[in-house]
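As a plain string of letters, each chain reads:
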Amino acid sequence: MSVQVLVVYYSRTGNTKAMAEAVAEGAERAGAQVKVKPVAETTLEDLLAADAIIVGSPTYYGTMAAEVKRLIDESVEIHGRLEGKVGGAFSSAGGLGGGQQTTVMEILPTMLVHGMILQGDPRGDHLGPVAIGAPDDRARAQCIRYGERLAALAERLHGR
């Protein structure tokens, strides 16, 4: 596999970063070349260079962190140039019912607007991995599975 996977995240406490590292582990297991970058260090060129872009955000008041939204807003400059890339999202929150899925559901439509391709999961976390606080064994396994699945999809679509 020779696809490029970019895992972008924002993490104040380290919980979302731990999820990003597990997603990256899964993508690497699938044979992808993976970059894991904090959102503040991610450029539009990084987005353009990737075959798959997986975005992680903590959940703040049922939505993504402003830092993640800022990158999405900046991506209007490359509108139409992410078409056909694989996309995905994951989130952590402070408690059960903290809005993790609403956060994932706010990130995914922005990818669809870019023309990106999304893949759900019929088992486990259907929309994208979620965690309560630090990822436990269940959440970590879901992150690894997600990384593997999205890297495999990117390979099917963009393998060289």
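Look up: the structure comes first, before these words.
Right, let's walk through the structure included here. (Residues numbered from 1 in each chain as written. Predicted model: local features only at pLDDT ≥ 70, side-chain atom pairs only at ≥ 80, totals over all residues. Heavy atoms only, no water.)

This brings us to the pairing of strand β1 (residues 4–9). Burial analysis of β1 places five of its six residues in the buried class, which makes it a mostly covered element. Relative to strand β2 (residues 33–38), β1 is paired through six bridges, and the arrangement is parallel. The residue bridging leucine 6 from the neighbouring strand is lysine 35, located in β2. One crossover worth recording links β1 to the parallel β2 by way of helix α1 (residues 15–29), and it is right-handed. Note: β1 against strand β3 (residues 52–60), five bridges, orientation parallel. In the strand pairing of β3, valine 7 is matched with isoleucine 54. (Buried < 20%, exposed > 50% of the residue type's maximum accessible area, 1.4 Å probe, protein only. Helix = DSSP H or I, 4+ residues; strand = E, 2+ residues; numbered from the N terminus. Pairing = 2+ DSSP bridges. Right-handed = clockwise from strand over helix to strand, strands pointing away.)

Glancing now at the pairing of strand β5 (residues 86–93). Within β5, eight of the eight residues are buried, which leaves the element mostly enclosed by the surrounding structure. Burial along β5 is two-sided: the residues Val86, Gly88, Phe90 and Ser92 and Gly87, Ala89, Ser91 and Ala93 are all buried. Pairing between β3 and β5: seven bridges, direction parallel. Looking at the pairing, isoleucine 54 lines up with glycine 88 of β5. Pairing geometry for β5 and strand β6 (residues 117–118), over two bridges, is parallel.

The next subject is the nonpolar core. Judged by nonpolar contacts, the single largest core of 24 residues is most densely connected at Val5, Val7, Val23, Ala32, Ile54, Val86 and Phe90. Secondary structure elements with two or more residues in this core: β1, α1, β3, β5 and α5 (137–158). With eight residues, the single largest contributor to this core is α5. Ranked by size, the runner-up nonpolar core spans 23 residues in total, among them Val8, Val68, Val104 and Met111. (Core = buried A, V, L, I, M, F, W, Y, C linked by side-chain atoms within 4.5 Å.)

Turning our eyes to something else, we now look at unusual backbone geometry. The phi dihedral of tyrosine 61 is positive, around 55°, even though this residue is not glycine. Within the secondary structure, tyrosine 61 is located in the loop between β3 and β4 (63–64).

So, about empty space enclosed by the protein. To locate leftover empty space, one rolls a probe as large as a water molecule over the atoms. Across all of its chains, the model carries one cavity of 30 Å³ or more by this definition. By volume, the largest cavity is sized at about 120 Å³. Sorting the residues of the lining of the largest cavity by element identifies β3, α3 (66–74) and α4 (100–113) as the ones contributing at least two each. Here the lining of the largest cavity gets three residues from one element, more than from any other, and that element is α4. For the lining of the largest cavity, the class distribution of residues is nine nonpolar, three polar and no charged. (1 Å grid on protein atoms, 1.4 Å probe; cavity = no way out; pocket = protein on both sides within 12 Å on 5 of 7 lines; lining within 4 Å. Points joined across faces, edges and corners; volume = space filled by probe spheres on them. Nonpolar A, V, L, I, M, F, W, Y, C, P; charged D, E, K, R; others polar.)

All right, on to the packing of α1 against α5 then. Closest axis-to-axis distance for the α1/α5 pair is 6 Å, and the angle between their directions is 45°. Considering the angle they form, α1 stands oblique to α5. The handedness of the crossing between α1 and α5 is right-handed. Residues Met19, Ala22, Val23, Glu25, Gly26, Ala27 and Arg29 of α1 form the contact with α5, whose own contacting residues are Arg140, Cys143, Ile144, Gly147, Glu148 and Ala151. Its residues assigned to classes, the contact of α1 with α5 comprises seven nonpolar, two polar and four charged. (Axes fitted to C-alpha atoms, helices over the stretch in contact; angles between N-to-C directions. Parallel < 35°, antiparallel > 145°, perpendicular 65-115°, else oblique. Left-handed = near helix turned anticlockwise from the far one by under 90°. Contact = heavy atoms within 4.5 Å.)

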